[in-house]
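Chain by chain, the residues:
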Amino acid sequence: MPLDTPVVDIDLAAFTADPYPVLASMRKNTPVCFVPQLRATLLTRHEDVVECEKNVAVFSSEQPGGLMNVLMGENMMRKDGAQHVIERRQAMPALSPRAVKQVWKQQFEYHTDKVIESLRSKTRCDLVADFAMPVSAHALRCITGLMNMTPHQLDTCSQNIIDGISNYAGHQSIEDRCKESTSFIDQCIDEMLAPGSDLSSESLLQVLVAAGQPMTSIRSNIKLAISGGQNEPRDAIAGCVWALLNHPQQLAAVLQGGASWRQVFEEYARWISPIGMSPRRIAKPYTSGDASFTPEGRAF
Ligand code: HEM
């Protein structure tokens, strides 16, 4: 870490519980700062993030030793340039907005209706566990093609992987649970690829196979889709409902057609983002304002 970059110490437990006050103070006083507890430089202003994330020659997604690659295998999110473009294009037939509209929307609605139906007889329910979790998981089962996983298994695998790849403190039990889940996903992939399975031709698994993506990359990219593709929608679905129930005027605006569900999602994702930060590796020396970055450092 270069001497001229401001250093800000954080209480890791308090930051994990509620990062917003610390991030607001950083944004105001030390927008680019080194945080020893994260062993990383944090960029906290939107304009800096927008500028740096596009500069992949310096802020590279390639992190061979990063937890995401080590635990999930090399996936598209940890690649730059041509290799990233190839894998992203190969996934598009299953993940594009058009595929969502033309193929998945109907299936999502079918499963969501069934989840709502299952809640009718209950006097109480938990918004996350009983509603957002299965709604998100059923959608992800369809999209990935892993219909042999139950919603609960999918949710557990997703959480274990997310916990594993953010396990910067190096807890062995967290790493072990993550490895158990990635092996389980591999078994489920093998099962769905076996002759006679009813793998959907439109699923992510099948479109990657049809595109000729190497099997190791397919496994990593399916794990990537499961890690972010369950946690994020689950928390966004529950979060949007929670936010509207706590802001009746906003809820009324949506129900009366004055605001759209898309606006609800976009404002929620801006306000309480389901993904707080995503690391990049410093690939070569770089200076920006008061901060300088040295190769092999980590920036969030
Ligand atoms: C509320 C829902 C979601 C949010 C907020 C979200 C957020 C994100 C973010 C912030 C990234 C990183 C982008 C970057 O580093 O440039 C990402 C990447 C990715 N997400 Fe999601 N995600 C969501 C749902 C999903 C779902 C449902 C899937 C799959 C079914 C998915 C699959 C992916 C993939 C494959 C990537 C890597 C893209 C690439 O490297 O080009 N995500 N997501």
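Parameters at a glance
- Residues numbered from 1 in each chain as written.
- Predicted model: local features only at pLDDT ≥ 70, side-chain atom pairs only at ≥ 80, totals over all residues.
- Heavy atoms only, no water.
- Helix = DSSP H or I, 4+ residues; strand = E, 2+ residues; numbered from the N terminus.
- Rg over C-alpha atoms; globule rule 2.2 N^0.38 Å.
- Buried < 20%, exposed > 50% of the residue type's maximum accessible area, 1.4 Å probe, protein only.
- Domains from an automatic or database assignment.
- Buried area = accessible area lost by both parts, 1.4 Å probe.
- Salt bridge = Lys/Arg side-chain N within 4 Å of Asp/Glu carboxyl O.
- Polar contact = N/O pair within 3.5 Å; in protein donor to acceptor, adjacent residues only side chain to side chain.
- Nonpolar A, V, L, I, M, F, W, Y, C, P; charged D, E, K, R; others polar.
- Contact = heavy atoms within 4.5 Å.
- Pairing = 2+ DSSP bridges.
- Near = heavy atom within 4 Å.
- Core = buried A, V, L, I, M, F, W, Y, C linked by side-chain atoms within 4.5 Å.
- Phe/Tyr/Trp six-rings, centres within 6.5 Å; stacked < 30°, edge-to-face > 60°.

A. Just the overall build of the protein, in detail. For the protein, the helix and strand inventory stands at 13 helices and 7 strands. Relative to the globule expectation of 19 Å for 300 residues, the C-alpha radius of gyration of the protein, 21 Å, shows essentially globular dimensions. Expressed along its principal axes, the backbone C-alpha trace of the protein runs to roughly 60 × 50 × 35 Å. Burial status across the protein gives 41% buried among its 300 residues.

B. Examining the domain arrangement of the protein more closely. Splitting the protein by domain gives domain 1 (1-63 + 279-300) and domain 2 (64-231). The centre of domain 1, based on its C-alpha atoms, is set 29 Å off from the matching centre of domain 2. Of the roughly 840 Å² buried where domain 1 meets domain 2, counting both sides, 44% is carbon and sulfur surface. Three residues stand out in domain 1 for area buried against domain 2, namely Ser-61, Glu-62 and Gln-63, and they jointly supply 58% of the buried area on that side. At the surface where domain 1 touches domain 2, the tally comes to 0 salt bridges. Linking domain 1 with domain 2 are 5 residue pairs in polar contact (both at pLDDT 80 or more), by the criterion used here. Of the residues belonging to the side of domain 1 that touches domain 2, the class tally is 3 nonpolar, 3 polar and 4 charged.

C. Local environment of unusual backbone geometry. Backbone geometry places Arg-39, a non-glycine residue, at a positive phi of 45°. As for its position among the elements, Arg-39 is in the loop between strand E1 (32-35) and strand E2 (40-43). Looking at Arg-39, the relative accessible area reads 52%, which means it is exposed. Positive phi is not limited to glycine here, since Glu-296 has a value of about 75°. Tracing the backbone through its elements, the reader meets Glu-296 in the loop between strand E6 (291-293) and strand E7 (298-299). We classify Glu-296 as exposed; its relative accessible area is 58%.

D. Representation of the environment of Val-70 in the model. Along the polypeptide, Val-70 turns up in helix H4 (residues 67-72). Linking Val-70 and Phe-300, residues 230 residues apart in sequence, is a C-alpha distance of 18 Å. Once residues lying within four places of it in the same chain are set aside, the contact partners of Val-70 are Pro-64 and Gly-65.

E. Highlighting the pairing of E2. Here E2 shows no split at all, with Ala-40 and Leu-42 on one side and Thr-41 and Leu-43 on the other all buried. Of the strand pairs in this sheet, E1 and E2 are connected by 4 bridges, and their pairing is antiparallel. Bridging across to E2, Phe-34 finds its partner in Thr-41. Taking the residues between adjacent antiparallel strands as the criterion, E1 and E2 are bridged by 4 residues, where Arg-39 takes a positive phi near 45°.

F. Seen up close, the environment of Val-56. Take Val-56: it is sitting in the loop between helix H3 (46-54) and strand E3 (59-60). Placed 137 residues apart in sequence, Val-56 and Leu-193 show a C-alpha to C-alpha distance of 35 Å. When near neighbours in sequence (up to four residues on either side) are disregarded, Val-56 contacts Asp-80 and Arg-280.

G. Quick peek at the site of the ligand. Around the ligand there are 15 residues in total, and Met-77, His-84, Arg-88, Gly-229 and Glu-232 lie nearest to it. Within the side chain of His-84, an N or O atom sits 2.6 Å from an oxygen atom of the ligand. Contact distances for the ligand include 2.6 Å between an oxygen atom and a side-chain N or O atom of Arg-88. Contributing elements (two or more residues each) for the shell around the ligand: helix H5 (81-95), helix H7 (127-144) and helix H11 (215-246). It is H11 that provides the largest number of residues to the shell around the ligand, a total of 5 residues. Here the shell around the ligand is built from residues that sort into 11 nonpolar, 2 polar and 2 charged.

H. Up close: the nonpolar core. Judged by nonpolar contacts, the single largest core of 28 residues is most densely connected at Leu-146, Met-149, Ile-185, Leu-204, Leu-205, Ile-222 and Ile-226. Listed by contribution, the elements that provide at least two residues to this core are H4, H5, helix H8 (151-165), helix H9 (172-193), helix H10 (204-210) and H11. Ignoring sequence-local partners within four residues, the contact set of Ile-226 consists of Leu-140, Thr-144, Leu-146, Met-149, Leu-154, Cys-157, Ser-158 and Ile-185.

I. Structural context of the packing of aromatic side chains. Evaluated as defined, the whole model comprises 4 aromatic pairs. Between Phe-59 and Tyr-286, the ring centres sit 5.5 Å apart and the planes meet at 85°, which makes this aromatic pair edge-to-face. Of this pair, Phe-59 sits in strand E3 while Tyr-286 is found in strand E5 (residues 286-288), placing the two residues 227 residues apart along the sequence. Tyr-286 shares its class with Phe-59; the two are buried. Pairing Tyr-286 with Phe-293 gives two aromatic rings, centres 6.1 Å apart and planes at 40°, and the pair type is tilted. Here Tyr-286 falls in the buried class, since its relative accessible area comes to 19%.

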